[in-house]
Amino acid sequence: MTAIWPDHLFPNHLFLVGCGNMAGQMLSRWLSEGLEPARVTVLRPSGKPVADGVAVVTDYPAALPAGTTVLLGMKPYQIADVADALAPLCAADTRIVSILAGTTLAELRSRFPAARDIVRAMPNLPVGLGEGVTALFSDDATDSAARDAIGALIQPLGLVEWIADEALFNQVTALSGCGPAFLFRFVDTLARAGEAIGIPADQAARMALATVQGSANMAARAAVSPSTLADQVASPGGMTRQGLNVLDADDRLLALLTDTLAAARDRGEAMARGE
Ligand SMILES: NC(=O)c1ccc[n+]([C@@H]2O[C@H](COP(=O)([O-])OP(=O)(O)OC[C@H]3O[C@@H](n4cnc5c(N)ncnc54)[C@H](O)[C@@H]3O)[C@@H](O)[C@H]2O)c1
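What you are looking at is a predicted structure, and each value in this text was computed from that prediction instead of being measured.

Parameters at a glance
Residues numbered from 1 in each chain as written. Predicted model: local features only at pLDDT ≥ 70, side-chain atom pairs only at ≥ 80, totals over all residues. Heavy atoms only, no water. UniProt positions renumbered as here; feature names shortened; annotations may be inferred. Helix = DSSP H or I, 4+ residues; strand = E, 2+ residues; numbered from the N terminus. Axes fitted to C-alpha atoms, helices over the stretch in contact; angles between N-to-C directions. Contact = heavy atoms within 4.5 Å. Nonpolar A, V, L, I, M, F, W, Y, C, P; charged D, E, K, R; others polar. Near = heavy atom within 4 Å. Polar contact = N/O pair within 3.5 Å; in protein donor to acceptor, adjacent residues only side chain to side chain. Areas by Shrake-Rupley, 256 points an atom, 1.4 Å probe, with all protein chains shown as cover. Pairing = 2+ DSSP bridges. Parallel < 35°, antiparallel > 145°, perpendicular 65-115°, else oblique. Left-handed = near helix turned anticlockwise from the far one by under 90°. Buried < 20%, exposed > 50% of the residue type's maximum accessible area, 1.4 Å probe, protein only. Phe/Tyr/Trp six-rings, centres within 6.5 Å; stacked < 30°, edge-to-face > 60°. Salt bridge = Lys/Arg side-chain N within 4 Å of Asp/Glu carboxyl O. Patch = residues over 30% accessible without salt bridge, like charges linked within 9 Å, V, L, I, M, F, W, Y side chains within 5 Å.

**Q** Just checking my understanding: could you explain the UniProt feature "domain: Pyrroline-5-carboxylate reductase dimerisation" (unreviewed entry) in the chain for this structure?
**A** The UniProt feature table records "domain: Pyrroline-5-carboxylate reductase dimerisation" (unreviewed entry) at residues 166-270. Taken end to end, residues 166-270 comprises 81% helix and 0% strand; its first and last C-alpha atoms sit 15 Å apart.

Okay, here's the thing in C-alpha cells:
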C-alpha cells in the first residue's frame, strides 16, 4: 500500500482501548491512509480480529511501548475499570486521546495522573471516509508538540476543529458527533414524507438519499451560503417557496433542531455528572 500521509504523522505505537463503531472507523481510515498495522494494538474483550497485521489482545500488556498514543474508544461508563488497569502502564510520554462523550478533561487527568498529554476528541462516523468532523480540546498542561501531533493524526479523518473552551464540548458533540444520526433520520423522514404524498417507498428512499448527497456536495463546493442556495432553488411564487414557508413558519425547523441539539447537550452534561 502506498502511504498517502507521511510516516511521522502516525505515533510510534497506537493502543486502542475498545474498537467498536467509532474507534473502528478511525482505525480503518488511518490504516487506509498508510498507518502500518504493526504499529497498532487493539484491546477488545471479544478478541475478534480487526484488520490484517493489527495485534488484538483481550487483556492489558505488561507495559506499553515508549511514546504510545492511547485511544480510549470504549463506552464512557467503563472509564473507571479501564483506568484502574491502564493508568499504571502510562508514563509521562504516553499520550491519551479520549473519544468518550461526557467525560471531562479533569476526570481524565485524575484517572491518568502520570500522563501529561491528554486530548479530548469528538469524531463522527464519516471519519471512516475521511469526511468526518472531529472536535479537539486540550488544556495548557498538554505539551504543544503533543497537541500538534494529535492534531496531525486526526487530519486524515476530515475536518478538525480545536475548541477553545471545554464548556462548549457537549454543544459541539451535539452538533457534529451526534449530527450524522440526525441527518440519517432526516433522510429517512424525507423519504417517508415522499411516500406519504404518493411516491412508491423504494423510489422515495433512493431519491431522498441522492437529493441529500448531491445537495451536501454542492453546498460544500459553493461560494455562497446554504441559505443563499436555498433561495436559488426557490423560484418566486413557485413550489419551493411554499415548502420553505412551512419550514420557516415561527422558525419551526430552527426550534426543532435547537431542541434536538439542546437535548443531546444536556445528556452530555448529565453524563459528566455521573448520571
Ligand atoms: N458512535 C458514535 O457515533 C460516536 C461518536 C463520537 C464518540 N463516540 C464515543 O465512542 C465511544 C464508543 O462508542 P461506539 O459507538 O463505538 O460504541 P461500541 O459499543 O460500538 O464500541 C465500544 C467498544 O468497546 C469495547 N469494550 C467493552 N468493554 C471494554 C473494556 N472493558 N475495555 C476495552 N474495550 C471494551 C466493546 O467490545 C466495543 O467494541 C463512546 O465513548 C462514545 O461516547 C461515539
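**Q** What is the right way to read the packing of helix H5 (residues 169-177) against helix H6 (residues 179-196) from this model?
**A** To describe two helices that pack against each other, one gives the angle between their axes and the distance between the axes. The N-to-C vectors of H5 and H6 enclose an angle of 35°; their axes lie 5 Å apart at closest approach. In this structure, H5 contributes Ala174, Leu175, Ser176 and Gly177 to the contact, and H6 contributes Gly179, Pro180 and Phe182. In terms of residue class, the contact of H5 with H6 is made up of four nonpolar, three polar and no charged.

**Q** It is not clear to me how the site of the ligand should be interpreted in this structure. Could you clarify?
**A** In the vicinity of the ligand, 19 residues are found, and the nearest of them are Asn21, Met22, Met74, Gln78 and Ala101. Asn21 has a polar backbone atom sitting 2.8 Å from an oxygen atom of the ligand. Take Lys75: an N or O atom from its side chain is 3.1 Å from an oxygen atom of the ligand. Considered on its own, the ligand offers 820 Å² of accessible surface; in the complex 76% of this is hidden by protein. Split by residue class, the shell around the ligand holds 13 nonpolar, five polar and one charged.

**Q** So what exactly am I meant to see when it comes to the sheet that holds strand E1 (residues 13-17) here?
**A** One key point about sheets: their strands pair by backbone hydrogen bonds, in either a parallel or an antiparallel sense. With respect to topology, eight strands assemble into an open sheet ordered E3-E2-E1-E4-E5-E6-E7-E8, the strand pairing being mixed. Single-partner strands in this sheet number two, and they are strand E3 (55-57) and strand E8 (158-162). Sheet twist, expressed as the average angle between the axes of neighbouring strands with direction ignored, equals 20°.

**Q** Explain the packing of H6 against helix H7 (residues 201-221) here, please?
**A** Following both chains from N to C, one finds H6 and H7 inclined at 135°, their axes separated by 8 Å at the closest point. The orientation of H6 with respect to H7, classified from their angle, is oblique. In this structure, H6 crosses over H7, and the sense of that crossing is right-handed. Counting all contacts with H6, which are made through Phe186, Val187, Leu190, Ala191, Gly194 and Glu195, the residues of H7 involved are Ala201, Ala204, Ala205, Ala208, Leu209 and Val212. Along the lines of polarity and charge, the residues of the contact of H6 with H7 split into ten nonpolar, one polar and one charged.

**Q** What exactly am I supposed to notice about the side chain of Thr69 here?
**A** By the element assignment, Thr69 lies in strand E4 (residues 68-72). The exposure class assigned to Thr69 is buried, which follows from its relative accessible area of 5%. Discounting residues that sit within four places of it in the chain, Thr69 has contacts with Pro11, His13, Leu14, Phe15, Arg95 and Val97.

**Q** Help me out: how do you make sense of unusual backbone geometry in this one?
**A** Most peptide bonds adopt trans geometry, and most residues besides glycine take a negative phi value. Positive phi outside glycine occurs at Asp250, with the angle close to 55°. Along the chain, the position of Asp250 falls in the loop between helix H9 (239-248) and helix H10 (252-272). The phi angle at Asp251 is positive, at roughly 50°, despite the residue not being glycine. Tracing the chain through its elements places Asp251 in the loop between H9 and H10.

**Q** Looking at this structure, I do not really get the side chain of Asn170. What am I missing?
**A** Tracing the backbone shows Asn170 in helix H5. Excluding anything up to four places from it in sequence, Asn170 contacts Gly102, Arg265, Gly268 and Glu269.

**Q** Before we go on, may I ask you to explain the packing of aromatic side chains in this structure?
**A** To describe a pair of aromatic rings, one takes the distance between the centres and the angle between the planes. Tallied over the full model, the rule gives one aromatic pair. When the ring of Phe15 is compared with that of Tyr60, the centres are 6.4 Å apart and the planes differ by 55°; the resulting orientation is tilted. Here the residue Phe15 occupies a position in strand E1, and Tyr60 occupies one in the loop between E3 and E4, the gap between them amounting to 45 residues. For Phe15, a relative accessible area of 1% translates into the label buried.

**Q** How should I be thinking about the pattern of salt bridges in this particular structure?
**A** Two side chains carrying opposite charge are able to pair once their charged atoms lie near each other. Overall, the coordinates contain twelve salt bridges when judged by the stated rule. One salt bridge in this structure joins Arg29 and Glu33, with 3.4 Å as the shortest N-O distance. Of the two residues, Arg29 and Glu33, neither departs from the other in class, the shared state being buried.

**Q** What should I look at first to understand a nonpolar patch on the surface in this one?
**A** Together, Leu247, Leu253, Leu256 and Leu257 make up a nonpolar patch on the protein surface, roughly 340 Å² of accessible area in all. Within the secondary structure, Leu253 is located in helix H10.

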